[in-house]
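Here's the letter readout for the chains.
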Amino acid sequence: MIRIKEDRCDFCGTCVSVCPVDCIELRETVIKIDEKTCTDCKLCVYVCPIETLEFVDE
Ligand code: SF4
Ligand code: SF4
């Protein structure tokens, strides 16, 4: 699964635009990932400019 360090996120939306299954929800200052839809492709982790997202093997 992908963990979000919410205190780091600056809500730029870059991760939202690359997610192939559109499972990242960003509303102003709230960001969430729908874990049921997420495929753990890690694209969002690679594109986040400030390393806010991390893959956690659970
Ligand atoms: S790991 Fe892939 S599917 Fe999951 S939120 Fe990130 S970009 Fe979307
Ligand atoms: S790319 Fe990173 S900083 Fe930008 S909205 Fe996504 S998690 Fe937040």
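Conventions we followed
- All residue numbers here refer to positions counted from 1 along the written sequence of the relevant chain.
- Going through the entries in the order they are written, you letter the chains from A and number the ligands from 1.
- With pLDDT at 70 or above as the cut-off, local features in this predicted model cover only qualifying residues; side-chain atom pairs require 80 or more to be listed or tallied, and sums for whole chains, interfaces and linings still use all residues.
- Computation of side-chain values: all heavy atoms of the structure, hydrogens and water removed.
- Secondary structure counts use DSSP, requiring at least four H or I residues in a row for a helix and at least two E residues in a row for a strand, with both numbered from the N terminus.
- The atom set for the radius of gyration is the C-alpha atoms, and the globule formula is 2.2 Å times the number of residues raised to the power 0.38.
- A 1.4 Å probe rolled over the protein chains alone gives each residue an accessible area, and that area as a share of the maximum for its type sets the label: buried under 20%, exposed over 50%, partly exposed in between.
- Whether two residues touch is decided by their heavy atoms; if any such pair falls within 4.5 Å, the residues are in contact.
- With residues, only the protein chains shown are counted as cover, and all accessible areas are computed by Shrake-Rupley using a 1.4 Å probe.
- For the purpose of charge, His is not counted, nor are the chain termini; Lys and Arg are scored as positive and Asp and Glu as negative.
- To locate a charge, take atom NZ for lysine, CZ for arginine, CG for aspartate or CD for glutamate.
- Note on terminology: near, applied to a residue and a molecule or strand, indicates that one of the residue's heavy atoms is within 4 Å of it.
- Each residue is assigned to one of three groups, with Ala, Val, Leu, Ile, Met, Phe, Trp, Tyr, Cys and Pro labelled nonpolar, Asp, Glu, Lys and Arg labelled charged, and all others, Gly among them, labelled polar.
- Only strands that DSSP links by at least two bridges are regarded as paired with each other.
- Definition of nonpolar core: a set of buried residues of the types Ala, Val, Leu, Ile, Met, Phe, Trp, Tyr and Cys, connected through side-chain atoms within 4.5 Å.

Novice: Tell me what's going on with the overall build of the protein chain, and back it up with residues and numbers.
Specialist: Looking only at helices and strands, the protein chain features 2 helices and 4 strands. Going residue by residue from the N terminus, the α and β elements of the protein chain occur as β-α-β-β-α-β. For a compact globule of 58 residues, the expected C-alpha radius of gyration is about 10 Å, and the protein chain comes in at 10 Å, within 12% of that figure. Over its C-alpha atoms, taken along the principal directions, the protein chain stretches across nearly 25 × 20 × 15 Å. For the protein chain, with 58 residues in total, the buried portion stands at 24%. Relative to all contacts within the protein chain whose residues are 6 or more apart in sequence, the contacts with residues 24 or more apart total 56%. Of the roughly 4,100 Å² of accessible surface on the protein chain, a fraction of 47% belongs to carbon and sulfur atoms. A distance of 1 Å separates the average location of the 7 positive side-chain charges in the protein chain from that of its 13 negative side-chain charges.

Novice: An account of the site of ligand 2 is requested, with residue identities and associated values reported.
Specialist: Residues in close proximity to ligand 2 total 13 residues, the closest being Cys9, Asp10, Cys12, Cys15 and Cys48. Looking at the shell around ligand 2 residue by residue, the classes come out as 9 nonpolar, 3 polar and 1 charged.

Novice: Break down the site of ligand 1 for me, with residues and values.
Specialist: Taken together, 14 residues are adjacent to ligand 1, and Cys19, Cys38, Cys41, Lys42 and Cys44 come closest. Here the residues of the shell around ligand 1 are counted per class, giving 11 nonpolar, 1 polar and 2 charged.

Novice: Describe the pairing of strand β3 (residues 30–33), naming the residues involved and giving the relevant values.
Specialist: Every regular strand shows the same layout, with side chains that alternate between the two sheet faces. Residues Ile31 and Ile33 point to one face of β3 and are all buried, whereas Val30 and Lys32, pointing to the other face, are not buried. Alignment of strand β2 (residues 24–27) against β3, held across 4 bridges, turns out to be antiparallel. Within β3, the residue paired with glutamate 25 across the bridge is lysine 32. Connecting the antiparallel pair β2 and β3 is a turn made up of 2 residues, with glutamate 28 showing a positive phi of about 50°.

Novice: How would you explain the nonpolar core if you had to name every residue and give the values?
Specialist: Grouped together as the largest cluster of nonpolar side chains are 12 residues: Ile2, Ile4, Cys9, Cys15, Cys19, Cys23, Ile24, Ile31, Ile33, Cys44, Cys48 and Leu53. Every element with two or more residues in this core is listed here: β1 (2–4) and β3.

By themselves, these observations are geometric and do not establish any function.
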